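Here is what each chain is made of, one letter per residue.
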Amino acid sequence: MKKFFFLAALFVAVTLNAETLEVDLSNPSAIGTVATSLNDGELTVEWTVNEAWGASGIELALNNLTDVYSISFEYKGDGAGIGLIPYIRDINGIRWYDADKWASLELTEWTSVTIAPQTDLWDEPDYEYGEQPFNKLGFIANPENPTEGTFALRNIKVKYGQIAPPPSSDSLRYNGEILPINTEFERTQCGEVSQSLNLDEVSGIACSRVTPGYIWMESDNFGDYIIATTETGQEQAMKVNFPNLKTLGIRYWDWEDMCGGVYNGTNYLFIGAFGDNETNDDFYSIVFFEEPAITGGEINIDPKQIHYVYPDGKSHNNEALMYDNVEQVLYIITKVYYDVCQVFSLPMSLDYGTETQTLTYVCDLGVTDDIGLNESDVRCRGFHLVTGADISADGKYVLIKNHNNIEAQYSWILYWEREANESIAQTVKRQPQVIGCYEWEWQGEAICWLDNSTFYTTSDSDGQPPIYKYTRHLESAIDEIDQEPRANSQKLLINGQLYIIRNGQCYTANGTACNL
């Protein structure tokens, strides 16, 4: 589905001299008719309103804070289908809130939320956000029906301080260091996703391993089929229908990524049924089935699924899935707004059945300090918003991509070359390179390897999004190097450029002899 910004997305800025206020819950001020109680750090609010669309809640003191850039809290409701509206009030009495991004009191489990006043909240009148101090933080229930209920709050923290300048606009910082640019690949448009394929929002693609020359594509909307086509994207080579998803209890919504892999000698296709923009779901799964030969026409398949949860027990949004043929392990990557995304793993097995599996945390992709402001003071700088990933069939190369529709230049593809005897978990903990020829795609989400020198990307935007092909430039000198053991050559990265030393001779990434 289309990706919008929701309240539950995480908004964190890089700061200098930042401070955090842990909000005192012991002395709330009543808004309307409420009763409050505080127990073990949890503030419970019982509210009542006398008419529909009235409002009741509480306000908490903020000590006249300036430069407020994030407010985080945990909350839960009583199951009623109403909205909880957080807001801040400045010393002029202006209440700043976002009428479109309410927390849902249908959620009866503790849920974490972080909001950024400068981007998420706005005022009641036409009034500019500036440097005015804020002295109140409020939470009000705004119901239509019922007119009474409860909500609870805990762990309310307000971060404030001087915002740091952004990193250089022409480079990506990762773990605090500028990443080198990989110039080995060349990008060309090889086709576009034809409207005749009836694929609404292509968010996942996988190259066929059973019938080479074809690409499988899945739709981000309510999925009940996938399509095989060629790299030109013009004709349907085969359609696979999944007519019994609901009957089988298989998650059929928010299919966000797709990959292929071999398990015990059999080729499988894996689909990540795990999109959760509002981070309030509790049902995530990997849908999988044996990859069929592409013979034309249509077939029906009843897939299986692996149901999983995260080790922290919380909800997460996800758009990236990859499978390692060497380890036979699935890797899942969260999608986070303005903070680092996380990698998790799950060994593949046909024996999980209906049992819920717990993922294993692998690593963060960078650090929070890599995320900053652009020149317009908009928080979009850095590698976040992960939307796709893939591992080459031989297990040697890893790609993880993001897209950033707020500002096009902040979209990237990270690239790792796996070292001998490394696990993928070890590989992605190292500093990657950035694919130099990648250019921003609107809603650019899908990515897959054809082989270890070619990969594709496309977009889940409307219309007929382009299909791009990325080919490694391997002219004679580099061909010779890559066909021989890695020990016989040396790669050097100097000022972000790749050089290869072979038998005492230096070559650039495209195979031209050079001198260092």
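You'll find the structure just up there.
The rules behind the values
- Numbering of residues starts from 1 in each chain and follows the order in which that chain's sequence is written.
- Reporting in this predicted model follows two pLDDT cut-offs: at least 70 for local features of residues, and 80 or more for side-chain atom pairs to be given and counted; totals over whole chains, interfaces and linings ignore these cut-offs and use all residues.
- Side-chain figures throughout are based on the complete set of non-hydrogen atoms in the structure, without hydrogens or water.
- Every helix listed is a DSSP run of H or I at least four residues long, and every strand listed is a run of E at least two residues long, numbered separately from the N terminus.
- Only heavy atoms matter for contacts: two residues are in contact if any of them lie within 4.5 Å across the pair.
- A strand pair is defined by DSSP finding two or more bridges across the two strands.
- As a rule, the C-alpha atoms of each element are fitted with a line to give its axis, helices using only the stretch in contact, and angles between N-to-C directions run from 0 to 180 degrees.
- Nonpolar core, defined: a set of buried Ala, Val, Leu, Ile, Met, Phe, Trp, Tyr and Cys residues in which side-chain atoms within 4.5 Å join the residues together.
- Exposure categories follow from relative accessible area, calculated using a 1.4 Å probe and restricted to protein chains: below 20% of the type maximum is buried, above 50% is exposed, and the middle band is partly exposed.
- The aromatic pairing rule takes the rings of Phe, Tyr and Trp, using the six-membered ring of Trp, and pairs them if the centres are within 6.5 Å, calling planes under 30 degrees apart stacked, those over 60 edge-to-face and the rest tilted.
- The rule is short: NZ of Lys or CZ of Arg within 6 Å of the ring centre and within 35 degrees of the ring normal puts a charge over the ring.
- The rule for a salt bridge is simple: a side-chain nitrogen of Lys or Arg has to be within 4 Å of a carboxyl oxygen of Asp or Glu.

Turning next to the environment of Val434. Turning to its location among the elements, Val434 is positioned in strand β37 (residues 433-435). Between the C-alpha atom of Val434 and that of Pro180, which follows or precedes it by 254 residues, the distance is 6.3 Å. Leaving out residues up to four positions away in the same chain, Val434 has contacts with Leu172, Leu179, Pro180, Ile181, Asn182, Trp412, Ile413 and Leu414.

Spatial ordering of the open sheet is given by β17-β40-β39-β38, a layout of four strands whose pairing is antiparallel. At either margin of the open sheet sits one strand with a lone partner, and together these are β17 (185-192) and β38 (444-451). With strand direction ignored, the average angle separating the axes of adjacent strands in the sheet is 25 degrees. Bridge analysis of β17 against strand β40 (residues 466-472) gives seven bridges, and the strand direction is antiparallel. Bridge pairing in β40 places Thr188 opposite Lys469.

All right, on to the nonpolar core then. Ranked by internal contacts, the top residues of the largest apolar core, which has 35 residues, are Tyr75, Phe139, Phe151, Leu153 and Ile156. Looking at this core, the elements that each hand over two or more residues are β4 (42-48), β5 (56-65), β6 (68-77), β7 (83-90), β10 (111-115), β12 (134-142) and β13 (148-163). The residues touching Leu153, leaving out its near neighbours within four places in the chain, are Leu25, Gly41, Glu42, Leu43, Ile58, Phe73, Glu74, Tyr75, Leu84, Trp110 and Phe139. Counting 33 residues, the second-largest nonpolar core is a separate cluster that includes Leu179, Met322, Val343 and Val434.

Pairing in this open sheet of five strands is mixed, and the strands run β18-β19-β20-β21-β25 from one edge to the other. The strands lining the two open edges of the sheet, one partner per strand, are β18 (202-207) and β25 (298-300). On average, each strand axis in the sheet is tilted by 20 degrees relative to the strand beside it, whichever way the strands run. Across four bridges, strand β19 (residues 215-219) lies against strand β20 (residues 225-229) in antiparallel orientation. Paired with Glu218 across the two strands is Ile226, which belongs to β20.

The subject of this paragraph is the packing of aromatic side chains. The description of an aromatic ring pair rests on the distance of the ring centres and on the angle between the ring planes. What the rule picks out here adds up to 24 aromatic pairs. Here the aromatic rings of Tyr397 and Trp449 are separated by 5.8 Å at their centres, their planes lie at 40 degrees, and the arrangement is tilted. Of the two residues, Tyr397 is situated in strand β35 (residues 397-402) and Trp449 in strand β38; the sequence distance between them amounts to 52 residues. A single burial state applies to Tyr397 and to Trp449, both of which are buried. Put simply, the rings of Phe185, Tyr397, Tyr415, Tyr438, Trp449, Phe455 and Tyr470 pair up and form one aromatic cluster. Looking at Arg154, its charged tip hangs above the ring of Trp110, at a distance of 4.0 Å from the centre. Over the face of the ring belonging to Tyr468 we find Arg187, whose NZ or CZ atom lies 3.5 Å from the ring centre.

What follows covers the pattern of salt bridges. According to the stated counting rule, one finds eleven salt bridges in the structure shown. Two residues, Asp324 and Arg418, come together in a salt bridge whose shortest N-O distance is 2.9 Å. With Asp324 in strand β27 (residues 318-324) and Arg418 in the loop between β36 (413-417) and α3 (424-427), the pair connects residues that are 94 residues apart, well separated along the chain. You'll find Asp324 and Arg418 in the same group, each marked buried.

This paragraph deals with unusual backbone geometry. Positive phi is not limited to glycine here, since Asn264 has a value of about 50 degrees. Mapped onto the fold, Asn264 is located in the loop between β22 (255-263) and β23 (266-273). Asn264 gets classed as exposed once you look at its relative accessible area, which sits at 56%. Non-glycine residue Leu385 carries a positive phi angle of around 55 degrees. Within the secondary structure layout, Leu385 lies in the loop between β33 (379-381) and β34 (386-391). Residue classification places Leu385 among the buried positions, given a relative accessible area of 4%.

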